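# Summary of structural features
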Amino acid sequence: MKTSALSISSTFLVAVRTSILLPCLALLAACNGLPINTPPPDKPQLESVNLRGQRVCGTFTNSTTTFTFACDPLPTSIGTGWQLTPLKKPHPTNPNWSIPNRGVVFTVSTPSLTSIEVAYRASSGARFVLSQVSPGPGRPQMLQAGPSEVEVTASDNGVRKTWTIAAQTNACLEKMELEIVNINGATRSDTLPIHVLRIPDETLCISSPPVGSGTSTTLGTSRTDGVGMGTTTGTSSSGPCIGGTSRTMFQFCERCSTSGGTWAQYTGIESCSLSDAIAVMGYGPGGVKNGGLCSLSQTGSEAQCEGP
């Protein structure tokens, strides 16, 4: 019995010493610059999607690509597809106007005390990290292959962090891919891809003639990375203002006439001056949208252009 008790006591001591020694060795390795394998954070999970349209299950084909999506129940960390349909929504106050179907809201979850990166993957393969902005006038800007943004809010219950991501899609594009990455310190998770899709017949492109050209504006031609209503073109609106003055939010209502009636779309731009903001919209002196079927006017809010 004494030998057995001694054996148990020795085993217990070895276990205690090991539990103390291993963290010390890990700390010593870190101090000596030895690599420590840190597991990547959990992949984000898609909890829900709010849009006018439907989830895509199985095969979906547009002008250039065939997609295949499994339909795992939500929440899921597997890539999903979502179709915006139909193209137009009736204007709530003017029966002669339509507004593009373009808004999407995603709910994504990650472990507590982490952050996310949201990126736009263009058809060229280029990846653009999107700015995350708070709700406000003119936000978020339309998704495009370049600097753009999504509207993000978050809540953390100490176990899971829930992110609400609002995006304004481009009605000219048949496919838009967002990539969500979970970030914990210096480590990054695998990517959660989300595809927003349209069929070719449900796109609206406003392709303006070159400056000085007398050719007419082309409507309804789908593009891989095209020019849609509200797509900012021309002069950049970024960078500091002359004299260090603050940027101002300018709000516009763009109306385009087509065989299907009048389309109205709201756009907000932060700029140093009204003339610069108009130039960014493609109008003003030498603007690429001058002489087309669209016109631009200032508005006080999105509701004044597209309705409440």
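Computed from a prediction, not measured in an experiment: that's the story for all the values here.

As a further point, take the overall build of the chain. Across its full length, the chain holds three helices and 21 strands. Burial statistics for the chain: of 308 residues in total, 41% are counted as buried. The contacts of the chain with a sequence gap of at least 6 include a subset with a gap of at least 24, amounting to 65%. For the chain, the accessible surface area stands at approximately 15500 Å², while carbon and sulfur atoms represent 57% of it.

Attention now moves to the state of the cysteines. Tallying each qualifying case throughout the model produces five disulfides. The disulfide partner of Cys253 is Cys305, and the S-S distance across this bridge is 2.1 Å. Note on the Cys253 and Cys305 pair: the S-S dihedral is about 70°, so by sign convention the disulfide is right-handed. Placement of Cys253 in strand β19 (residues 248–258) and of Cys305 in helix α3 (residues 302–306) is noted, with a sequence separation of 52 residues between them. Judged by relative accessible area, which is 1%, Cys253 ranks as buried.

With respect to the helices, strands and loops of the structure, Cys57 is situated in the loop between β2 (53–56) and β3 (58–61). Judged by relative accessible area, Cys57 falls into the partly exposed class, the value being 47%. Other than its neighbours up to four places away in sequence, Cys57 contacts Phe69 and Cys71.

Leu46, Phe106, Val118, Val150, Ile165 and Ile180 are the most contacted members of the largest nonpolar core, which totals 26 residues. Those elements that place two or more of their residues in this core are β1 (45–51), β5 (80–84), β8 (103–111), β9 (115–121), β12 (149–156), β13 (160–168), β14 (175–184) and β16 (192–197). Not counting residues up to four positions away in its chain, the partners in contact with Ile180 are Pro44, Val108, Ile116, Glu117, Val118, Ile165, Asp190, Thr191, Leu192 and Ile194. Residues Phe250, Cys256, Ile269 and Ala277 belong to the second largest nonpolar core, which totals nine residues.

The next point concerns the sheet that holds strand β21 (residues 294–298). Spatially, β6-β7-β20-β19-β21 is the arrangement adopted by the five strands of the open sheet, whose pairing is mixed. Every interior strand has two partners, whereas the edge strands, β6 (88–90) and β21, have only one. Between one strand axis and the next, the sheet turns through 35° on average, direction left out of account. By the bridge criterion, five bridges tie β19 to β21 in an arrangement that is antiparallel. Bridge assignment links Phe252 to a residue of β21, and that residue is Gln298.

Our next topic: the confidence of the model for the chain. When pLDDT is averaged across the chain, the result is 80; 76% of the residues are at 70 or more. Within the model, pLDDT remains below 50 along residues 1–23, and this stretch shows one contact once partners closer than five positions in the same chain are excluded. This model gives residues 208–224 a pLDDT under 50, and the stretch forms 42 contacts once residues within four places in sequence are excluded.

Rules of the game
Residues numbered from 1 in each chain as written. Predicted model: local features only at pLDDT ≥ 70, side-chain atom pairs only at ≥ 80, totals over all residues. Heavy atoms only, no water. Helix = DSSP H or I, 4+ residues; strand = E, 2+ residues; numbered from the N terminus. Buried < 20%, exposed > 50% of the residue type's maximum accessible area, 1.4 Å probe, protein only. Contact = heavy atoms within 4.5 Å. Areas by Shrake-Rupley, 256 points an atom, 1.4 Å probe, with all protein chains shown as cover. Disulfide = S-S within 2.5 Å. Core = buried A, V, L, I, M, F, W, Y, C linked by side-chain atoms within 4.5 Å. Pairing = 2+ DSSP bridges. Axes fitted to C-alpha atoms, helices over the stretch in contact; angles between N-to-C directions. pLDDT = per-residue confidence, 0-100.

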